Each structure stands twice: as C-alpha cells, then as structure tokens.
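# What the coordinates show
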Amino acid sequence: MQLTDERGRSQSGEIAPIPWFGSESLESAIEWCQHIGDTITTSQIYGIPDRLPACQFGFGSALTAFNPALDLPCHTNLDISALLPSGAAAIDCLPALLSQGYATFKWKIGVLPIAQELAIWAQLTMALPPGVKLRLDANGGLNYAQAEQWLSAGSCQPQIEFIEQPLAPNLLAETIDLAQKYPLPIALDESVATFDRIQATYASGWRGIYVIKPGIAGFPWRLAEFIQRHQLDVVFSSVLETNVGKTAALQLASSLNLTRSMGFGVDDWFEE
Ligand code: MG
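This is a predicted model, so every value here is computed, not measured. (Residues numbered from 1 in each chain as written. Predicted model: local features only at pLDDT ≥ 70, side-chain atom pairs only at ≥ 80, totals over all residues. Heavy atoms only, no water.)

Our next topic: helix H9 (residues 220–229). Residues separated by three or four positions in an α-helix point in the same direction, a consequence of the helix having 3.6 residues per turn. Taken together, the buried positions of H9 are occupied by Pro220, Leu223, Ala224, Phe226 and Ile227. Viewed along the axis of H9, the buried residues span an arc of 165°, placing them on a single side of the element. Buried residues in H9 make contact with helix H3 (53–65), helix H8 (195–203), strand E8 (209–212), strand E9 (233–236) and helix H10 (243–255). After H9 finishes, the residue Gln231 shows a positive phi value of roughly 50°. (Buried < 20%, exposed > 50% of the residue type's maximum accessible area, 1.4 Å probe, protein only. Helix = DSSP H or I, 4+ residues; strand = E, 2+ residues; numbered from the N terminus. Arc of directions from axis to C-beta. Contact = heavy atoms within 4.5 Å.)

What follows is the structure, given as structure tokens:
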C-alpha cells in the first residue's frame with residue numbers, strides 16, 4: 001500500500017500477513033483497507049486494531065518513512081543469515097553461500113533421526129571457516145531429552161550461535177529450565193510470533209533471544225519501544241515480504257542497533 005500526504009509525497013508500506021503464524025488473514029487485511037477507502041488519517045493509523053498486526057506494520061512503517069531522520073544504512077549479506085537445506089545437502093551448499101559473503105547460517109534440525117543429524121552436524125561444523133556462525137532451528141520439534149543432546153553438543157562448539165525453538169511453544173517453563181542448564185543460548189521463534197506473545201513470554205520470565213517477525217508484530221514504534229525498554233536480545237526475521245517490507249524491517253533493526261544477523265536471506269522464504 002502507498003500513503004500520499006497533503007504535499008504529494010508518497011511512502012510505501014507492505015502488508016504481508018502469515019495467518020498460520022498468528023497474524024490476520026490476507027482477506028481480513030483487504031477488507032479493512034477497503035473499509036477505510038482512499039483517505040486515512042494519522043489517528044486512524046494509530047487506531048488500527050491489534051487483530052490486524054500486519055496492517056499495523058504496513059501502515060505504521062509507511063507513516064514512519066515520512067520521517068527523513070531515518071536513513072537506511074547499507075546492508076550486506078554479512079548482516080543476513082542464510083538458510084541451509086536440511087540434512088547432508090547443507091554441506092554441499094555451504095561453499096557457494098560463503099562465496100556470496102554470508103557469515104551466519106541457519107540449519108534446520110529435528111528433521112532426521114537425531115544420531116544421523118548429529119553426525120552430519122559434526123561434518124558441517126568442520127566445514128565452517130573460523131568466525132562463521134551457525135544457528136540450529138528445531139521449529140519446536142525436539143523432546144526434552146533430544147533438546148538436551150543438542151544443547152550439550154552445541155555448548156562445546158563456539159561456532160554455534162544459538163538453538164532456536166527446541167521445544168514446542170507451549171513448553172515455556174521447560175525451555176526456561178533448559179536455558180538455565182546449558183551455556184548455549186536458546187532463541188524462541190514460534191513462541192513469540194505476535195506482539196501479545198512477545199509481551200506474555202517476557203512476563204513469564206524469558207530472558208533469552210527473541211526471533212521476531214516485525215512484519216506481523218504490529219506497529220513498529222510499539223515494538224521498538226518494548227525491545228528497548230526491556231533490552232531484549234533480538235533477531236529479526238522474514239515474513240516472505242518483498243523489498244518494501246524488508247526495507248522497513250531493516251530500517252527498524254538499524255534504529256534499534258540490533259547486532260545479530262537477520263533472517264532475511266533470499267533462501268529464507270519458507271522459513272518458520
Ligand atoms: Mg524458526
């Protein structure tokens with residue numbers, strides 16, 4: 001969508017819902033935009049209801065883009081994590097991605113039997129040049145004992161940046177327990193899909209990493225305020241957006257001085 005102000009200046013924003021991850025549906029977003037019509041006021045943007053987080057982000061980031069104080073710094077692949085294919089194919093893909101300048105990779109785990117996956121992982125880590133980081137993403141697919149195996153293995157390997165969503169999103173207490181037992185950091189993704197869940201997870205005591213999809217996390221200024229107030233350790237990631245939404249998310253990341261690489265790699269489209 002595009003906003004044009006009284007002076008004729010325009011800014012774009014992207015509404016990229018992913019309903020299976022907790023946002024509104026595309027139909028609900030379209031229905032709301034049609035209901036608003038051709039003219040929208042700033043207060044109507046501020047009043048977009050919480051049931052429409054992707055609309056909040058799209059309109060909110062377009063509104064924010066009118067502020068010329070926020071210039072987008074130049075981002076390179078160094079700032080972005082690349083998704084490796086699962087299983088042994090990751091080892092074959094690594095050299096090409098390294099030559100494109102990626103220095104952080106994500107590899108899905110919990111896909112193959114754990115013994116087989118740990119064996120591939122040992123080979124994969126040997127293929128990583130010094131300074132390159134690897135994230136392990138379980139998508140909530142491990143049980144407690146398997147999560148302990150991965151945490152214990154990963155804790156001895158300094159190139160592992162974190163393990164993402166080892167347990168199902170409803171097992172927060174168990175995840176907090178794991179985070180206290182192992183030095184390898186744990187990131188939550190599915191557990192913190194929406195702004196409500198980010199707040200609830202923080203209130204429940206999670207002090208590890210938050211993987212946040214800004215495209216469905218509502219108003220960018222509200223998200224930024226919460227991250228800063230609580231000094232959250234954050235990784236931003238993709239909601240399959242085009243460059244419009246990606247630019248807005250990268251701009252937000254820059255304004256927050258986020259230090260971890262973001263999950264906006266071109267091969268990241270089907271990441272969850
Ligand atoms: Mg994930």
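From this point, things continue past the structure.
On to the environment of Leu26, then. Structurally, Leu26 is set in helix H1 (residues 26–36). Leu26 gets classed as partly exposed once you look at its relative accessible area, which sits at 46%.

Read across the open sheet, the seven strands follow the order E3-E4-E5-E6-E7-E8-E9; overall the sheet is parallel. At either margin of the open sheet sits one strand with a lone partner, and together these are strand E3 (81–83) and E9. Ignoring which end each strand starts from, the neighbouring axes of this sheet average 30° apart. Along the sheet, helix H5 (residues 114–127) makes contact with strand E4 (104–108), strand E5 (133–137) and strand E6 (160–164), crossing E4 at roughly 165°. (Pairing = 2+ DSSP bridges. Axes fitted to C-alpha atoms, helices over the stretch in contact; angles between N-to-C directions.)

Where E8 lies against E9, four bridges are found, and the strand directions are parallel. In the strand pairing of E9, Tyr210 is matched with Val234. Crossover connection from E8 via H9 to parallel E9: handedness right-handed. (Right-handed = clockwise from strand over helix to strand, strands pointing away.)

To continue, consider the packing of H5 against helix H6 (residues 144–155). The contact between H5 and H6 brings their axes to 12 Å, and the two run at 15°. When the axes of H5 and H6 are compared, the pair comes out roughly parallel. Here H5 runs over H6; the crossing is right-handed. Contact residues: Ile114, Glu117, Leu118 and Trp121 in H5; Gln146, Gln149, Trp150, Ala153 and Gly154 in H6. (Parallel < 35°, antiparallel > 145°, perpendicular 65-115°, else oblique. Left-handed = near helix turned anticlockwise from the far one by under 90°.)

Looking now at the packing of aromatic side chains. Note on aromatic pairs: each is described by the distance of the centres and the angle between the planes. Enumeration over the complete set of coordinates arrives at six aromatic pairs. Aromatic side chains Trp121 and Trp150 sit 5.8 Å apart centroid to centroid with 80° between the ring planes, which places their arrangement in the edge-to-face category. Placement of Trp121 in helix H5 and of Trp150 in helix H6 is noted, with a sequence separation of 29 residues between them. Per residue, the accessibility class of Trp121 equals that of Trp150, and both read buried. Three or more aromatic residues link up through ring pairs in this structure, and these residues are Tyr46, Phe219 and Trp221. Sitting above the plane of the Tyr202 ring, Arg207 keeps its charged end 3.7 Å from the centroid. Its end group placed over the ring of Phe21, Lys213 keeps NZ or CZ at 4.4 Å from the ring centre. (Phe/Tyr/Trp six-rings, centres within 6.5 Å; stacked < 30°, edge-to-face > 60°. Lys NZ or Arg CZ within 6 Å of the ring centre and 35° of its normal.)

Domain boundaries in the protein define domain 1 (2–70) and domain 2 (80–269). Computed from C-alpha atoms alone, the centre-to-centre distance between domain 1 and domain 2 is 27 Å. Of the roughly 1900 Å² buried where domain 1 meets domain 2, counting both sides, 71% is carbon and sulfur surface. Of all residues in domain 1, Glu14, Phe21 and Phe57 bury the most surface against domain 2, accounting for 40% of the area lost on that side. A salt bridge links Arg222 to Asp50; the nearest nitrogen and oxygen atoms lie 2.8 Å apart. Taken together, domain 1 and domain 2 are joined by five residue pairs in polar contact (both at pLDDT 80 or more). Elements that contribute at least two residues to the side of domain 1 that touches domain 2 include exactly helix H2 (42–46) and H3. Sort the elements by how many residues they give to the side of domain 1 that touches domain 2 and H3 lands first, with eight residues. Taken together, the residues that form the side of domain 1 that touches domain 2 break down as 13 nonpolar, eight polar and two charged. (Domains from an automatic or database assignment. Buried area = accessible area lost by both parts, 1.4 Å probe. Salt bridge = Lys/Arg side-chain N within 4 Å of Asp/Glu carboxyl O. Polar contact = N/O pair within 3.5 Å; in protein donor to acceptor, adjacent residues only side chain to side chain. Nonpolar A, V, L, I, M, F, W, Y, C, P; charged D, E, K, R; others polar.)

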